[in-house]
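# Chains, contacts and geometry: an overview
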Amino acid sequence: GENVEQHPSTLSVQEGDSAVIKCTYSDSASNYFPWYKQELGKGPQLIIDIRSNVGEKKDQRIAVTLNKTAKHFSLHITETQPEDSAVYFCAAKSNFNKFYFGSGTKLNVKP
Amino acid sequence: KAGVTQTPRYLIKTRGQQVTLSCSPISGHRSVSWYQQTPGQGLQFLFEYFSETQRNKGNFPGRFSGRQFSNSRSEMNVSTLELGDSALYLCASSLTDFYGYTFGSGTRLTVV
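Scoring rules and cut-offs
Numbers given to residues run from 1 along each chain, matching the order in which its sequence is written. Written order decides the labels, with chains lettered from A and ligands numbered from 1. Under the rules for a predicted model, residues below a pLDDT of 70 receive no local features and side-chain atom pairs below 80 are neither given nor counted, while totals for whole chains, interfaces and linings still include all residues. Side-chain calculation: all heavy atoms of the structure are included, whereas hydrogens and water are not. Helix and strand definitions follow DSSP, with helices as H or I runs of at least four residues and strands as E runs of at least two, each counted in order from the N terminus. Within these notes, the globule rule equals 2.2 Å times the number of residues to the 0.38 power, and the radius of gyration is based on C-alpha atoms. Contacts were defined at the residue level, with two residues in contact if any of their heavy atoms lie within 4.5 Å. The accessible surface values rely on the Shrake-Rupley method and a 1.4 Å probe; as for residues, cover is taken only from the protein chains in view. Definition used for salt bridges: Asp or Glu carboxyl oxygen within 4 Å of a side-chain nitrogen of Lys or Arg. Exposure categories follow from relative accessible area, calculated using a 1.4 Å probe and restricted to protein chains: below 20% of the type maximum is buried, above 50% is exposed, and the middle band is partly exposed. Whether two aromatic rings pair depends on their centres lying within 6.5 Å, for rings of Phe, Tyr and Trp, where Trp uses its six-membered ring; planes under 30 degrees apart make the pair stacked, over 60 edge-to-face, and the rest tilted. Any Lys NZ or Arg CZ that is within 6 Å of a ring centre and within 35 degrees of that ring's normal is treated as a charge sitting over the ring. Here a strand pair is declared whenever DSSP counts at least two bridges between the two strands. Convention adopted: a line fitted to C-alpha atoms gives each axis, helices being fitted over their contacting stretch, and angles between N-to-C directions are expressed from 0 to 180 degrees. The term buried area denotes the loss of accessible surface (1.4 Å probe radius) that occurs when two parts are joined, taken as the sum for both partners. Think of a polar contact as two N or O atoms within 3.5 Å of one another; within protein, one of them needs to be a possible hydrogen donor and the other a possible acceptor, and neighboring residues in sequence only count if both atoms come from side chains. Each residue is assigned to one of three groups, with Ala, Val, Leu, Ile, Met, Phe, Trp, Tyr, Cys and Pro labelled nonpolar, Asp, Glu, Lys and Arg labelled charged, and all others, Gly among them, labelled polar.

### Topic: the overall build of chain A
A count of helices and strands for chain A gives zero helices and eleven strands. Ordered by position in the sequence, the α and β elements of chain A form the string β-β-β-β-β-β-β-β-β-β-β. Taking 2.2 N^0.38 as the reference for a compact globule, 111 residues should give roughly 13 Å; the C-alpha atoms of chain A span a radius of gyration of 13 Å, in line with that estimate. For the C-alpha atoms alone, the extent of chain A along its principal axes is close to 40 × 30 × 20 Å. Across chain A, every contact between residues at least 6 apart in sequence was considered, and the portion connecting residues at least 24 apart equals 52%. Element-wise, carbon and sulfur atoms account for 47% of the exposed surface of chain A, whose accessible area totals about 5,600 Å².

Below, the structure written as structure tokens:
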């Protein structure tokens, strides 16, 4: 089955800096890659997603890039703010509608 | 529009007991999935239901079961609870296979 690896497990940045989280996947048939943000005491919230026919997608301060050849995708957050502090999860959807999640990245934005 | 609603938010149970968790998906969403979240194991897939049928199943023992009703509401049941079942149980719904999940806030289960 699919295997999703996520790095780093923790990331600390200064407010205003950029943050990058990277994920790799193993199944070339995976075709949908969402990113989720989970704040303390809440369920994960979808923040951006990308499909396999697109290389990059941007939504204000967040962007996601996908390299199908290398089987990796990344989340980029620019001009980070303290409210960006949370745990971020990447995921890959394989055939049969199964989602595989990365292990999560705890992002700490220092004011 | 109401989100995914999970009840109860918190539960404390004793080893050996059984527990039922409930999930009401977003109106119109027919797919409901359940995940177990623990600090050490991350998000572990339990099962997915679509139109009252279990479509996918993760690698959990038979003590974990679920069902979906005709109104898409779903329940999951854990029998003979063990200490290791303590976790946040998340329900997620999606409109179709083309979309991602919307998660609920979860049920925090503590087994003592």
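### Some words on the pattern of salt bridges
What the rule picks out here adds up to nine salt bridges over all chains. With its nearest N and O atoms 2.6 Å apart, the salt bridge here joins Arg55(B) to Glu48(B). Judged by relative accessible area, which is 32%, Arg55(B) ranks as partly exposed. Look at Glu48(B) and you get buried, because its relative accessible area is 1%. Connected through salt bridges with shared partners, the residues Lys37(A), Glu39(A) and Lys42(A) form a single ionic network.

### Remarks on the packing of aromatic side chains
Taken as a whole and assessed by the stated rule, the structure comprises 16 aromatic pairs over all chains. Ring centres of Tyr36(A) and Phe101(A) lie 5.8 Å apart, and the angle between their planes is 45 degrees; this geometry places the pair in the tilted category. Of this pair, Tyr36(A) sits in strand 4 (residues 32-38) while Phe101(A) sits in strand 10 (residues 99-101); the two residues are 65 residues apart in sequence, bridging distant segments of the chain. Given a relative accessible area of 0%, Tyr36(A) falls into the buried group. Taking relative accessible area as the criterion, Phe101(A) reaches 11% and is therefore assigned buried. On the numbers, 5.3 Å between centres and 85 degrees between planes, the contact of Tyr36(A) with Phe103(B) is edge-to-face. With one member in each of two chains, Tyr36(A) in strand 4 and Phe103(B) in strand 10 (residues 102-103) form a pair that bridges those chains. Ring pairing ties together the aromatic residues Tyr32(A), Tyr36(A), Phe99(A), Phe101(A), Tyr35(B), Phe45(B), Tyr101(B) and Phe103(B), which thus form one cluster. Taking NZ or CZ as reference, Arg55(B) lies 4.5 Å from the ring centre of Phe50(B), over its face.

### A few points about the sheet that holds strand 7 (residues 62-67) of chain A
Residue and element names in this part refer to chain A. The sheet built from five strands is open, its strands ordered 1-3-8-7-6 with antiparallel pairing. Every interior strand has two partners, whereas the edge strands, strand 1 (4-7) and strand 6 (56-59), have only one. Strand-to-strand, the axes of this sheet are offset by a mean angle of 15 degrees, without reference to chain direction. Pairing of strand 1 with strand 3 (residues 19-25), which is carried by four bridges, proceeds in the antiparallel orientation. Across the sheet, the residue bridging to valine 4 is tyrosine 25, located in strand 3.

### Points about the interface of chain A and chain B
Taken residue by residue, the interface counts 16 residues in chain A and 20 residues in chain B. Roughly 1,400 Å² of surface becomes buried between chain A and chain B when both sides are summed, with 52% attributable to carbon and sulfur atoms. Along the contact surface separating chain A from chain B lie zero salt bridges. Inspection of the region where chain A meets chain B yields four residue pairs in polar contact (both at pLDDT 80 or more). For the side of chain A that touches chain B, the secondary-structure elements that each account for two or more residues are strand 4, strand 5 (45-51), strand 9 (86-93) and strand 10 of chain A. The greatest single-element share of the side of chain A that touches chain B, amounting to three residues, is contributed by strand 4 of chain A. Its residues assigned to classes, the side of chain A that touches chain B shows eight nonpolar, four polar and four charged.

Purely geometric numbers; function is a separate question.
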